Amino acid sequence: MSQNFRRLCMNRNNTNYPGFIKLYKTGKLARRVKDIYQLMKNCQLCPRRCGVNRLKGELGYCRAGIEPEVSSFHSHFGEEPPISGWSGSGTVFFTHCNLRCVFCQNYPISQLGYGNKISIEQLASIMLNLQKRGCHNINLVTPTHFTPQIVAALNIAAGKGLTIPLVYNCGGYESIQTLKLLEGIVDIYMPDIKYGGKKEAEKYSNAPDYFEVAKMAVKEMHRQVGDLQISPDGIAKRGLLIRHLILPNNLARSERILKFIKDEVSPNSYISIMSQYFPAYKAVQIPELNRKITKKEYQKVIGLAQKLSLEKGWRQELTEEA
Ligand code: SF4
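Since the model is a prediction, treat every value here as computed from it, not as a measurement.

### Some thoughts on the pairing of strand β2 (residues 89-94)
By the criterion of burial, β2 is predominantly enclosed, with six of the six residues buried. Of the two faces of β2, the one lined by S89, T91 and F93 and the one lined by G90, V92 and F94 are each fully buried. Note: strand β1 (residues 69-76) against β2, six bridges, orientation antiparallel. Note that in β2 the partner of F73 across the bridge is V92. Of the pairings in the sheet, the one linking β2 to strand β4 (residues 138-141) comprises four bridges and is parallel in character. From the neighbouring strand, F93 faces β4, where its bridge partner is V141.

### Brief notes about the site of the ligand
All residues in the neighbourhood of the ligand are listed as C43, L45, C46, R48, R49, C50, R54, G60, Y61, C62 and H145. Because more than half of its atoms lie within 2 Å of the grid, the ligand is assigned to the largest cavity. In terms of residue class, the shell around the ligand is built from six nonpolar, two polar and three charged.

### Thoughts on the side chain of Q224
Relative to the elements of secondary structure, Q224 occurs in helix α10 (residues 210-225). Judged by its relative accessible area of 7%, Q224 falls in the buried class. Polar side-chain contacts of Q224 include one of 2.8 Å to the side chain of E220. Other than its neighbours up to four places away in sequence, Q224 contacts L179, K180, L182, E183, Y189 and R238.

### Thoughts on the pattern of salt bridges
Note that side chains of opposite charge can pair when their charged atoms are close. Evaluation of the coordinates by the stated rule reveals 13 salt bridges. Between R243 and E79 there is a salt bridge whose closest N-O contact spans 2.6 Å. One end of the pair, R243, is in strand β8 (residues 236-245); the other, E79, is in the loop between β1 and α4 (81-84), with 164 residues separating them in the sequence. For E79, a relative accessible area of 14% gives the class buried. Across the pair K215 and E212 runs a salt bridge, and its minimum N-O distance is 3.4 Å. Placement of both K215 and E212 in helix α10 is noted, with a separation of three residues, approximately one turn of the helix. Given a relative accessible area of 17%, K215 falls into the buried group.

### Details of the packing of aromatic side chains
Inspection of the entire model under this criterion finds nine aromatic pairs. Ring centres of Y168 and Y189 lie 5.9 Å apart, and the angle between their planes is 75°; on these two criteria the pair is classed as edge-to-face. Of this pair, Y168 sits in strand β5 (residues 166-169) while Y189 sits in strand β6 (residues 188-189), and the two are 21 residues apart along the sequence. Accessibility expressed as a relative area gives 0% for Y189, which makes it buried. The rings of F103, Y173, Y195, Y210 and Y277 are connected pair by pair, giving a single aromatic cluster. For R48, the ring lying beneath its charged end belongs to Y61, and the centroid distance is 3.8 Å.

### Let's talk about the environment of R256
Mapped onto the elements of the fold, R256 is located in helix α11 (residues 254-265). Distance from R256 to G197, taken between C-alpha atoms, is 8.2 Å for residues 59 residues apart in sequence. When residues no more than four places from it in sequence are discounted, the contact partners of R256 are G196, G197 and F211. At 2.9 Å, the side chain of R256 and the backbone oxygen of G196 are in polar contact.

### Points about α10
If you check α10, its first and last C-alpha atoms are 22 Å apart, about what 16 residues at 1.5 Å a residue would give, namely 22 Å. With 12 of its 16 residues buried, α10 lies for the most part within the structure. For α10, the complete set of buried residues consists of Y210, F211, V213, A214, K215, A217, V218, E220, M221, H222, Q224 and V225. Looking at the packing, one finds that the buried side of α10 touches α8 (176-181), β6, α9 (198-205), β7 (229-230), β8 and α11.

### What about helix α3 (residues 28-38)?
Restricting attention to buried positions, one finds in α3 the residues L29, R32, V33, I36 and Y37. Projected down its long axis, α3 carries its buried residues within an arc of 130°, all on one side. Taken together, the buried residues of α3 touch α2 (19-25), α6 (120-132), α7 (147-159) and α8.

### Observations concerning the packing of α10 against α11
With their axes 11 Å apart at the nearest point, α10 and α11 run at an angle of 35° to one another. As α10 packs across α11, the resulting crossing turns out to be right-handed. Contact with α10, carried on its side by F211, K215, V218, K219 and H222, involves R256, I257, F260, E264 and V265 of α11 and no other residues of that element. A breakdown of the residues in the contact of α10 with α11 according to their chemical character gives five nonpolar, one polar and four charged.

Calculation notes
- Residues numbered from 1 in each chain as written.
- Predicted model: local features only at pLDDT ≥ 70, side-chain atom pairs only at ≥ 80, totals over all residues.
- Heavy atoms only, no water.
- Buried < 20%, exposed > 50% of the residue type's maximum accessible area, 1.4 Å probe, protein only.
- Helix = DSSP H or I, 4+ residues; strand = E, 2+ residues; numbered from the N terminus.
- Pairing = 2+ DSSP bridges.
- Near = heavy atom within 4 Å.
- 1 Å grid on protein atoms, 1.4 Å probe; cavity = no way out; pocket = protein on both sides within 12 Å on 5 of 7 lines; lining within 4 Å.
- Sits in = over half its atoms within 2 Å of the grid points.
- Nonpolar A, V, L, I, M, F, W, Y, C, P; charged D, E, K, R; others polar.
- Polar contact = N/O pair within 3.5 Å; in protein donor to acceptor, adjacent residues only side chain to side chain.
- Contact = heavy atoms within 4.5 Å.
- Salt bridge = Lys/Arg side-chain N within 4 Å of Asp/Glu carboxyl O.
- Phe/Tyr/Trp six-rings, centres within 6.5 Å; stacked < 30°, edge-to-face > 60°.
- Lys NZ or Arg CZ within 6 Å of the ring centre and 35° of its normal.
- Expected span 1.5 Å × (residues − 1).
- Arc of directions from axis to C-beta.
- Axes fitted to C-alpha atoms, helices over the stretch in contact; angles between N-to-C directions.
- Left-handed = near helix turned anticlockwise from the far one by under 90°.

What follows is the structure in structure tokens.
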């Protein structure tokens, strides 16, 4: 870790940071745009592999079309401290989702389609606008189904002076093929790991293979960027930050997730353990999901992380329990 700090300090004026700058200068970013757009022809962007031709306007499971759709963008101060920093994280909330969880707190955006279609040029302008506001990064919220459009916009924004890193803030249900095309483009991966069990992933997100897919995806992300590196002034520069939301009745199977992170990703992983669950959207009609978590449930997960010596990261306080 200390070696990584040293390297970042030395590279403070490195004109090849963030990673996409080097790819832009060599023309490789433009080639990636072409490659990644190909995945929409017979859509294979995510593990759903719908096979629809998004380039011709066909819609798959996520309901996303050819144009990017954005519900809002702003400087966000509520993310983890090294992501928000003192100037905010430049969040861009994308409409639609490839998971569509029954308890989604953002369901009007993810599932009811709230948002506006914009052009690639407008998306590039949003990125530059967020940088102008002083944001530390461009935080792409639920980006998976719009990855080609994001990379195309980045190619324009990089040419117009974008110099802050991308945060890929995703649900963890990601395809390795797509992630490989993001290598060198994304500096900070911030995936959820939502479920450690098949039954729950199937019932609440229609994705029985979620944990197996997320495990491979998170390992690939870690291979690309490593453990989270934070600059001496407290800002995330590069690396992996994993989020885990505790669900009531141990429905997330948190222990399996924490053990996986320790044993198969890195014992130095930064983990954000979140307690903010409340029954939203369809969860109010599902008895086992229709309550907040209890103090006992919260403490159990925090205790497990301690027992596994997973001490890096953040623990969201439990302000109100069931
Ligand atoms: S991105 Fe959407 S259309 Fe493409 S495979 Fe995933 S869910 Fe299907």
